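# Reading the structure
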Amino acid sequence: LRTQVGMTRAVPPIVLTAIAKAGAGETAWIVGGNAQTGTVGAPLPKKIAIKVLDRAGNAVPNAVVSFAPVRGSVADSAVMADTSGVARGVWTLDREPGPHSMSVRVESVARPLIVTATARPGAASAIELTPRQAVGTPGKLLGDGVEARVTDEFGNVVKGATVTFKTSAGAL
């Protein structure tokens, strides 16, 4: 802002500089990382991103955003927003597959946000055969057959895993 006193230029103009600061956070939005699918026991591919705005719609830097997963864990439970008003967090999913959710709270914002994710089993890491041993009559089918159960490192069933059987004697 530039101002001048009087009609003449005898008094030099005064230059004023003003900087407006954002008000307290009033609204928050999920701007990234919601509704992802990831692997059990691993961090989601994208960070969870929460944008905090004041009453006038300005970004609120340094707003404190708290992450509280119902299942899984976060690297930091409280994160400060950056200069653009965005706080980012890394969410590691629980060891069990299925739906996950996380409550996100922002200081001075009344309602929490709910972020969701889905955990899928990891890669196949173990196989269990039932029965472990079977005795049969040559040339006849083997009772109820053999069942293979494939699991990931946490014991979750890996559906659709390919299992190949080989015999050391006889035929399949």
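First things first, this report covers the structure right here in the doc.

Definitions and cut-offs
Residues numbered from 1 in each chain as written. Predicted model: local features only at pLDDT ≥ 70, side-chain atom pairs only at ≥ 80, totals over all residues. Heavy atoms only, no water. Core = buried A, V, L, I, M, F, W, Y, C linked by side-chain atoms within 4.5 Å. Buried < 20%, exposed > 50% of the residue type's maximum accessible area, 1.4 Å probe, protein only. Helix = DSSP H or I, 4+ residues; strand = E, 2+ residues; numbered from the N terminus. Pairing = 2+ DSSP bridges. Axes fitted to C-alpha atoms, helices over the stretch in contact; angles between N-to-C directions. Salt bridge = Lys/Arg side-chain N within 4 Å of Asp/Glu carboxyl O. 1 Å grid on protein atoms, 1.4 Å probe; cavity = no way out; pocket = protein on both sides within 12 Å on 5 of 7 lines; lining within 4 Å. Points joined across faces, edges and corners; volume = space filled by probe spheres on them. Nonpolar A, V, L, I, M, F, W, Y, C, P; charged D, E, K, R; others polar.

By size, the foremost hydrophobic cluster in this structure holds 23 residues, and its most contacted members are I48, I50, V65, F67, W91 and V104. For this core, the secondary structure elements donating two or more residues are β5 (48–53), β6 (64–69), β11 (98–106) and β12 (113–120). It is β12 that contributes the most residues to this core, 4 residues altogether.

Spatially, 3 strands are ordered β3-β5-β9 in an open sheet, and the strand pairing comes out antiparallel. At either end of the open sheet lies a strand with only one pairing partner, and these are β3 (27–32) and β9 (86–89). Put simply, the sheet's adjacent strands are angled 25 degrees from each other on average, direction ignored. In terms of strand pairing, β3 meets β5 through 5 bridges, oriented antiparallel. Along β5, the bridge assignment pairs W29 with K51.

What follows deals with the pattern of salt bridges. Under the criterion given, the structure shown has 3 salt bridges. Note that R55 and E26 form a salt bridge whose closest N and O atoms lie 3.3 Å from each other. On the criterion of sequence distance, the pair formed by R55 in the loop between β5 and β6 and E26 in the loop between β2 (14–15) and β3 is long-range, its members being 29 residues apart. By relative accessible area, which is 70% here, R55 ends up exposed. The salt bridge partner of D82 is R88, with a shortest N-O separation of 3.0 Å. Accessibility expressed as a relative area gives 30% for D82, which makes it partly exposed. On the basis of relative accessible area, R88 is assigned to the partly exposed category, the value being 42%.

Our next topic: the layout of surface pockets. In this structure, the largest pocket spans a volume of roughly 700 Å³. In this structure, the largest pocket is lined by 22 residues; those nearest its centre are L142, V146, T167, A171 and L172. Of the residues contributing to the lining of the largest pocket, the split by class is 11 nonpolar, 8 polar and 3 charged.

What follows deals with the sheet that holds β12. Taken in spatial order, the 5 strands make up an open sheet running β4-β12-β11-β6-β8, and their pairing is mixed. Each edge of the open sheet carries a strand with a single partner, namely β4 (36–39) and β8 (78–80). The mean angle between the axes of side-by-side strands here comes to 30 degrees, regardless of whether they run parallel or antiparallel. Bridging between β11 and β12 involves 7 bridges; their strand directions are antiparallel. Bridging across to β12, G98 finds its partner in A119.

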